Amino acid sequence: MNILIVEDDDRIAEALKQTLRVHGYESNYVGTGAAALTRLADTGLVLLDLGLPDLDGHEVCRRIRELSCVPVIVLSGRTEELDRVMALHMGADDFVAKPFSRYELVARIQAVLRRAGGCPQHAADPAAPGAAAPGAAAPAPVSLDTSLPKPELHGPEHVPLQPPLQPPLQPLLQAGPIRLDPRTRKLFVDGSEVHITRKEFDLLAMLLEEPGAVMERQDIMCRVWDENWFGSTRTLDVHVGSLRSKLGHTEWIETVRGVGYRLAVPTAAHA
């Protein structure tokens, strides 16, 4: 299986090649849409970035679909609904927003390839593990015999199972007027609930573990997002800005320039 990476950022393209190699895929990459259109004959799947220097990625996707039924997964930092919808309308099989985990990407590749198995041009590789040899009969279905009587459990040797142990309750995380409940995943400020997203909750929980301590950007990205993300860490800044707005005090989350962030909620806030 050869995967074509269409990406004008050499750093990202090389990282993708390395990830695919680890998971058993061969790959090549090109930096323009025009080059991609000439490389479809020996390609089993295309990873397509939308921001190309010569052609818009949506147009590249449309032209690919005119020439081939090769599966296309769009990888892009342009995550507006219109970009996603247009990519799918132009023939993309999936859309993965940057930054993303390499494990999610590989899982999506495998899912798209399973669906593409019905296309004669991209039928399963005979050499692939589990693929049937040409002309070989399909294996007979295995039926499970459910008519056997179930063994009776009785006598002194039968000991009833103990109920499973309940997981220990997670302690509340609190600093000043901020209270975070890991069990219900709710945030309260001055006793009033504030609605936040899942990532915002995880980010604030990490900062609340050690109020006043500086959390490095890389550590935050690894824990809150994924240790193998692709793309800019700008998403972290966006989430911090959103949290500051919802907390109502921008100074509660301090930026330590060139390092990361720390929680600095005044002890007597709102006193």
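Numbers given for residues are sequential positions, taken from 1 along each chain in its written order. Restriction of local features to residues with pLDDT of at least 70 applies here, the model being predicted, together with a cutoff of 80 or more for giving and counting side-chain atom pairs; totals for whole chains, interfaces and linings are based on all residues. To get the side-chain values, all heavy atoms of the structure are used, and hydrogens and water are removed first.

(A) Fine view of the packing of helix α6 (residues 198–209) against helix α8 (residues 234–247). Simply put, an axis is a line fit to the C-alpha atoms, just over the touching stretch for a helix, and the angle between two N-to-C directions goes from 0 to 180 degrees. Put simply, DSSP marks the helices as runs of H or I at least four residues long and the strands as runs of E at least two long, and each gets a number from the N terminus on. Two elements in contact, α6 and α8, have axes whose closest approach is 10 Å; the angle formed by their N-to-C orientations is 85°. Taken together, the axes of α6 and α8 are roughly perpendicular relative to one another. Residues Lys199, Glu200, Leu203 and Leu204 of α6 pack against Leu236, His239, Val240, Ser242, Leu243, Lys246 and Leu247 of α8. For classification, angles of less than 35 degrees are called roughly parallel, those exceeding 145 degrees roughly antiparallel, those between 65 and 115 degrees roughly perpendicular, and all remaining angles oblique. It only takes one pair of heavy atoms within 4.5 Å for two residues to be counted as in contact.

(B) How the structure looks around the confidence of the model for the protein chain. For the protein chain, the mean per-residue pLDDT works out to 78, and 75% of the residues sit at or above 70. Throughout residues 123–168 the model reports pLDDT below 50, and contacts reaching past four residues in sequence, or to other chains, amount to four contacts. Confidence of the predictor at the level of single residues is given by pLDDT, which spans 0 to 100.

(C) Structural context of the sheet that holds strand β10 (residues 192–194). The antiparallel open sheet is built from four strands, whose spatial order is β7-β8-β9-β10. Each edge of the sheet is formed by a strand with only one pairing partner; in this case those strands are β7 (173–175) and β10. Sheet twist, expressed as the average angle between the axes of neighbouring strands with direction ignored, equals 25°. Its contacts with the sheet put α6 on β7, β8 (178–181) and β9 (186–189), and the angle it makes with β8 is roughly 115°. A pair of strands is considered paired only if DSSP assigns at least 2 bridges between the two.

(D) Looking closely at the pattern of salt bridges. Should a side-chain nitrogen of Lys or Arg be within 4 Å of a carboxyl oxygen of Asp or Glu, the pair is scored as a salt bridge. For the structure on display, the rule yields 15 salt bridges. Taken together, the salt bridges that share partners define one network made up of Glu59, Arg62, Arg63 and Glu66.

(E) Layout of the packing of helix α7 (residues 217–225) against α8. Contact pair α7 / α8: the axes reach a minimum separation of 10 Å and the direction vectors enclose 80°. Our classification of the angle between α7 and α8 gives roughly perpendicular. On the side of α7, the interface is formed by Arg217, Ile220, Met221 and Trp225, while α8 contributes Thr235, Leu236, Asp237 and His239. Residues are grouped as follows: Ala, Val, Leu, Ile, Met, Phe, Trp, Tyr, Cys and Pro are nonpolar; Asp, Glu, Lys and Arg are charged; all remaining types, including Gly, are polar. In terms of residue class, the contact of α7 with α8 is made up of four nonpolar, two polar and two charged.

(F) View of the environment of arginine 223. One can find arginine 223 in helix α7. Remark: exposure states derive from per-residue accessible area (1.4 Å probe, protein chains only) relative to the maximum for the residue type, with buried under 20%, exposed over 50%, and partly exposed in between. For arginine 223, a relative accessible area of 53% corresponds to the exposed category. The spacing of arginine 223 and methionine 206 is 17 residues in sequence and 8.4 Å in space, taken between C-alpha atoms. For arginine 223, the residues in contact, after removing those within four places along its chain, are Met206 and Glu209. What qualifies as a polar contact is a pair of N or O atoms within 3.5 Å, subject to a donor-acceptor requirement within protein and to the restriction that residues adjacent in sequence count only when both atoms come from side chains. Side-chain polar atoms of arginine 223 contact the side chain of glutamate 209, separated by 2.7 Å.

(G) Examining α7 more closely. All of the buried residues along α7 are Ile220, Met221, Val224 and Trp225. An end-on view of α7 places all buried positions within 100° of arc, on one side of the element. Facing away from the buried side of α7, by more than 90 degrees, are the exposed residues Gln218 and Arg223. Taking the helix axis as origin, the arc is that swept by the directions to the C-beta atoms.

(H) Main features of the nonpolar core. Of all hydrophobic cores here, the largest spans 29 residues; its most connected members are Leu187, Leu204 and Ile220. Elements supplying a minimum of two residues to this core: β7, β8, β9, α6, α7, α8 and β14 (260–263). The element that contributes the greatest number of residues to this core is α6, accounting for seven residues. Beyond its immediate chain neighbours, meaning those up to four positions away, leucine 187 contacts Ile178, Arg179, Leu180, Ser192, Glu193, Val194, Ile196, Leu204 and Leu247. Here, nonpolar core refers to any group of buried Ala, Val, Leu, Ile, Met, Phe, Trp, Tyr and Cys residues whose side-chain atoms link them within 4.5 Å. Grouped together as the second largest cluster of nonpolar side chains are 20 residues, Cys61, Ala87, Ala92 and Phe95 included.

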